[in-house]
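Structural description and commentary
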Amino acid sequence: MDKKKFYITTPIYYPSDKLHIGHTYCTVATDAIARYHRLRGEDVMFLTGTDEHGQKIEDKAKEAGVTPKEFVDKIVCGERGVLDLWKLMNISNDRFIRTTDDYHVAAIQKIFKKMYENGDIYKGTYKGKYCKPCESFWTESQLKDGKCPDCGREVQDAEEEAYFFRLSKYADKIQDLLENTDFLQPRSRVNEMVNNFIKPGLEDLCVSRTSFTWGVPVDFDPGHVVYVWVDALSNYITALGYENDKYDDYKKYWPADVHIVGKEIVRFHSIIWPAMLMSLGEPLPKHVFGHGWLLLDGGKMSKSKGNVVDPYILAEHFGVDALRFFLMRTFPFGSDGNFSNELLIQTINTDLANDLGNLVSRTTAMVGKYFGGRLPAGCGATEMEQGAACSARREATIPNGDFLLDPDDPVRYDMDLVLKAAGLRFDYEAAMDAYAPHKALEEVFKVIQRANKYIDENAPWALAKDMEANGKRLAHVMYNLLETTRICAILLIPFMPESMDKLFQQIGACEGCRTWDSAAQWGSLSDTAEPAKGENLFPRVDMEKALQELEEAAEEARKASLPDIELEPQSAEQVDFDTFCKSDFRAVKVKACENVKKSAKLLKFTLDDGTGVDRQILSGIAAWYKPEELVGKTLLAIVNLPPRKMMGQESCGMLISAVHKEKGEEKLNLVMLDDKIPAGAKMC
Ligand code: MSP
């Protein structure tokens, strides 16, 4: 039988700056959903990539003194660039598209021409407002307080000959799509789109520009480049081979099952993109899911505000899986969430170190201690448990665990645990299918917490005191714990793939009992499993120490991102020649140099200035020079400044230095002259 297909995408990223934790959030979420579908045995196509055209990139490249392609290459393929980040974060994309790839560029030209030839693109004059950072056109009525409604920044007047796409023609169809189907999720985003964009009247969209060149050229009208969003949105089909020969999967995977996107680009995906596809006569994606933003101190992260959080630092510090887990567990996927390092550490400590980590280490340690690392045969699932597990499955909910058992009968605990663990996959599945990974994780952790409680309820250490009487019961308790852990671990694979691999080894789970099917089959683990206590998968984090280290790492990264050399801007104020000539610059030779007592900054120089009388100058350069290294040097001094007292000593003149900043740090170098210049020689 053909496997079910599942095509999922992330937005393709602007390589205008390094990616931050917000971008990582979106890609990790998509990766977890893609892995979930693979776990279920589906044929998954997961696409991500980079959106490399547009004026913003052209401007940034100019600023950096490189070509736009060189600029994006560095951010996409360079050290700690986009590709490195996705590798680090264990992102399992099947394909990566760059909109500068030749096959994509050629396909965009064909797509544009197709819409032109069918009458949906026409030539006109563009008058309006343009937000450069967002690369968005706005009409006057769409502005918020005269500013870009997306980012709140200033917009510019723009007027030029341009091509337009007949978006207005599709308004009714789009409204119907949004209001009467489950195309756009979560549902709360529908009103936003309809009320803010469709009801005020959907205007035709400007889809070409002539004021810059870094884009896909309109092949039948040189001078025009295709609007970057038409170029970018089409990536979802060109990456499958639409209008190109590079790939041949369009028939297989299109329409996409879901485009995962951030809330600010829902407009492009739920209005413009379906209209483009309608114009091309192609099927629409099944869903667009608009997730919320990760905020910092309640505001959006942005490079310009200087408040971006570096995913490299966090992953290196806490581990990739812990970071992936935190992002998915903490923030409800459709809403905004406030990121903080404290919250990250708390989540690691509570869920991973305490709940999951402890469950695994206590259980494996006890099997080692009480059974020499191998459970006795026959300790596995009982018939009653298997029957109950089946009913948990059939009803897809957990029936309440009152089995007419004696309140003191410990089997009550078994039944409750078994039912919760065996029913877990169904609640998890419902949450994952509703794009609520946070909810799926919540369900898993309820069961992990239940299992920890089960240890306390059964007090294995007390049972172990009389192995003859209680050995069988104790083995069964251990089995139930391992089996519960196994089920939870399967469902955690999409979120923490590497750690779960290690965990399976620790609990002695064979390949066959790591599968999706086996996650709903209580009793899959062999009753003679051989767990082995291994490395601590999720060590506890010392909050105070970690916060300090993070601060230091962030400071280091900040410094590393500073320009290598920073110079004082040149003075705009002019000095007339006669005034300049009044300054008397002379070569001076250092006869003696010493630190000024009680001053950390000052050095005292005794200088030969050619007059036969020693000159004393004090200079605040002790941070850069040791006195002894300057003796004998020929320096430059201005000698006709009025004498002044510093720390009670007289300074007659000033030594000339060159100053600049290196990686944000002040640097100073005395101007040193050729030693063959005699003391007293005048500079002119
Ligand atoms: N290039 C466009 C997408 C084109 S898709 C055809 C783009 N790129 S982006 O790099 O600016 O953003 C990529 C994704 O990262 C968007 O979905 C955006 O919402 C997401 N995020 C950027 N900052 C974010 C947060 N602080 N929090 C969560 N997601 C954020 O838009």
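Note: the structure precedes this text.
What counts as what
Residues numbered from 1 in each chain as written. Predicted model: local features only at pLDDT ≥ 70, side-chain atom pairs only at ≥ 80, totals over all residues. Heavy atoms only, no water. Near = heavy atom within 4 Å. Polar contact = N/O pair within 3.5 Å; in protein donor to acceptor, adjacent residues only side chain to side chain. Areas by Shrake-Rupley, 256 points an atom, 1.4 Å probe, with all protein chains shown as cover. Helix = DSSP H or I, 4+ residues; strand = E, 2+ residues; numbered from the N terminus. Nonpolar A, V, L, I, M, F, W, Y, C, P; charged D, E, K, R; others polar. Pairing = 2+ DSSP bridges. Buried < 20%, exposed > 50% of the residue type's maximum accessible area, 1.4 Å probe, protein only. Phe/Tyr/Trp six-rings, centres within 6.5 Å; stacked < 30°, edge-to-face > 60°.

So, on to the site of the ligand. Around the ligand, a shell composed of 23 residues is seen, among which Ile 12, Asp 51, Gly 262, Glu 264 and Leu 294 lie nearest. Contacts to the ligand include Ile 12, whose backbone N or O atom sits 2.7 Å from a nitrogen atom. One of the backbone N or O atoms of Leu 294 is found 2.8 Å from a nitrogen atom in the ligand. About the coverage of the ligand: the protein hides 95% of its 650 Å² of free accessible area. Listing elements by their share of the shell around the ligand, those giving two or more residues are helix H1 (21–39), helix H8 (228–233), helix H9 (235–238) and strand S11 (258–262). Within the shell around the ligand, the residues separate by chemical class into 13 nonpolar, eight polar and two charged.

The strand order across the open sheet built from three strands is S14-S13-S15, with neighbouring strands paired in mixed fashion. Lying at the two open borders of the sheet, with one neighbouring strand each, are strand S14 (299–300) and strand S15 (337–339).

It is worth spelling out the side chain of Asn 458 at this point. Tracing the backbone shows Asn 458 in helix H17 (residues 437–458). By relative accessible area, which is 8% here, Asn 458 ends up buried.

Strands pair in a sheet through their backbones, by hydrogen bonds, and they do so in one of two ways: parallel or antiparallel. Strand order in the open sheet formed by three strands is S16-S24-S25, and the pairing between neighbours is antiparallel. In the strand order of this sheet, the two ends are held by strand S16 (565–566) and strand S25 (665–670), each with one partner. Direction of pairing for strand S24 (residues 657–662) relative to S25: antiparallel, over a ladder of six bridges. By the bridge assignment, Glu 662 is partnered in S25 with Glu 665.

Take unusual backbone geometry next. For the bond from Gln 185 to Pro 186, the omega torsion is -10°, close enough to zero to count as cis. Residue placement: Pro 186 occurs in the loop between strand S7 (184–185) and helix H7 (188–198). The peptide bond linking Trp 254 to Pro 255 adopts the cis configuration, its omega dihedral lying at 5°. Mapped onto the fold, Pro 255 is located in the loop between helix H10 (250–253) and S11. Although it is not a glycine, Asp 145 sits at a positive phi angle of roughly 50°.

Before going further, it helps to spend a moment on the packing of aromatic side chains. Per the counting criterion, the structure on display carries 28 aromatic pairs. Consider the rings of Tyr 25 and Phe 331, whose centres lie 6.2 Å apart with planes at 90°: the pair is edge-to-face. Placement of the pair is Tyr 25 in helix H1 and Phe 331 in the loop between helix H13 (320–330) and S15, with a sequence separation of 306 residues. A single burial state applies to Tyr 25 and to Phe 331, both of which are buried. Judged by centre distance (6.2 Å) and plane angle (45°), the ring pair of Tyr 428 and Trp 516 falls under tilted. Of the two residues, Tyr 428 is situated in helix H16 (residues 411–433) and Trp 516 in the loop between helix H20 (497–507) and helix H21 (543–561); the sequence distance between them amounts to 88 residues.

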